Amino acid sequence: MGSEGPKSVKINVTGFKKFHGVDANPTETIVENLKDYVESRGLPPGVTLGTCAVLETAGDGAVSELYKVLDSGISRGTNSRNEKVVWLHLGVSKGALKFALERQAVNEATFCSPDELGWQPQQLPVILGDGGISQTRTTSCCIEAILEFLKRKGYDANISNDAGRFVCNFVYYHSLMFAEQKGHQSLFVHIPPFSRVDEETQMQFIVALLEAIASTT
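In this text, all values refer to a predicted model and were calculated from it rather than measured experimentally.

J.: Can you tell me about helix α3 (residues 143-152), naming the residues and giving the values?
T.: Working note: α-helix, 3.6 residues per turn, so residues spaced by three or four point in the same direction. Turning to α3, its buried residues are Ile143, Ile146, Leu147, Phe149 and Leu150. Mapping the buried residues of α3 onto a view down its axis gives an arc of 160°, with all of them on the same face. Buried positions along α3 lie against β4 (99-102), β7 (157-160), β8 (185-191) and α5 (199-216).

Here is the structure:
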C-alpha cells in the first residue's frame, strides 16, 4: 500500500513510407532519425521515447503489421502500471504550411487513390461492427493544452477535425480504438513537406511536441 511513485510517460512514434504523389515522405525521415536526435538533445525527466516505426502506407492489407507495431509499444516490466503510454502518429499533408493536431478519426475508408498495396475502398467502415461510417473516435490527449504549449514555443499549428479518409485516418481510427482498450492515449499530427518547412525545424517541432504531450498527460 502507499505511494506507487511518480508516473512516467513513454511516447511511441510512427510515420509512413512513400505513397502516391509523395516519393520521399518526411515522416519516414523524421521517425528514422528521431532516436538519435532525442539522445543528442535530451527529454524532460520521466519521459522516454519508445517504439519508432515506419508504417506501410496501406490500409486493410497492412492492419496485421500495424497491430504488431502497436503491441510493441506495451510495457511488460514490473513498473508498467506507473507508466503512461502515448502513441504519436505522423503523416504528411502535401499542401500544408503548418502543423495540424487531429482531434478525431472517422470510421470511413474512402481512398482518393489506391494505397501502396493497391486497395481503394469507397465508403467502407475502417472497423466493421464499430458503428457505421459516420462513427467517430476522439483523442483523449489534451490537444488544446498541447497546442498552447507549441504556440508558446513559436510553432505555427492548429487543431483539425478532419484527418481525411485515406490511410492516415485509417491508422488513427485503429490506434484510437487500441488505445482505449489498453488505457493508452493516441494522437495524430499532420506535418508539412520539407519543401515548406525545413527538416531541422520539423525535428525541433517534434521534440517540442513530445514535451507538450508529456507535460499535458
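On we go from here.
J.: Tell me about the pairing of β8, residues and numbers included.
T.: Of all 7 residues in β8, 7 are buried; the element is thus mostly enclosed. Neither face of β8 is open: one carries Gln185, Leu187, Val189 and Ile191, the other Ser186, Phe188 and His190, and all of them are buried. Where strand β3 (residues 83-92) lies against β8, 7 bridges are found, and the strand directions are parallel. When the sheet's bridge partners are listed, Gly91 is paired in β8 with His190.

J.: Tell me about unusual backbone geometry, and name the residues and values.
T.: Positive phi, normally seen in glycine, also occurs at Gln123, with a value near 55°. Overall, Gln123 belongs to the exposed group, its relative accessible area being 57%.

J.: Pulling in residues and values, what's your account of the packing of aromatic side chains?
T.: Between two aromatic rings, the relevant description is the distance of the centres plus the angle of the planes. What the rule picks out here adds up to 10 aromatic pairs. Taking the centre distance of 6.1 Å and the plane angle of 55° together, the rings of Phe19 and Phe166 count as tilted. Placement of the pair is Phe19 in the loop between β1 (8-16) and α1 (26-41) and Phe166 in the loop between β7 and α4 (167-182), with a sequence separation of 147 residues. The burial state of Phe19 is the same as that of Phe166; both residues are buried. With centroids separated by 5.9 Å and ring planes inclined at 70°, the aromatic side chains of Tyr67 and Phe178 adopt a geometry described as edge-to-face. With a gap of 111 residues between them, Tyr67 in helix α2 (residues 63-72) and Phe178 in helix α4 connect regions that are remote in the sequence.

J.: Account for the sheet that holds β4, with residues named and values stated.
T.: Within the open sheet, the 6 strands sit side by side as β2-β1-β3-β8-β4-β7. Their pairing is mixed. Here the strands that pair on one side only, and so sit at the sheet edges, are β2 (47-55) and β7. For this sheet, the mean angle separating the axes of adjacent strands, direction not counted, is 25°. Strand direction decides the pairing type here: β4 and β7, joined by 4 bridges, are parallel.

Calculation criteria
Residues numbered from 1 in each chain as written. Predicted model: local features only at pLDDT ≥ 70, side-chain atom pairs only at ≥ 80, totals over all residues. Heavy atoms only, no water. Buried < 20%, exposed > 50% of the residue type's maximum accessible area, 1.4 Å probe, protein only. Helix = DSSP H or I, 4+ residues; strand = E, 2+ residues; numbered from the N terminus. Arc of directions from axis to C-beta. Contact = heavy atoms within 4.5 Å. Pairing = 2+ DSSP bridges. Phe/Tyr/Trp six-rings, centres within 6.5 Å; stacked < 30°, edge-to-face > 60°. Axes fitted to C-alpha atoms, helices over the stretch in contact; angles between N-to-C directions.

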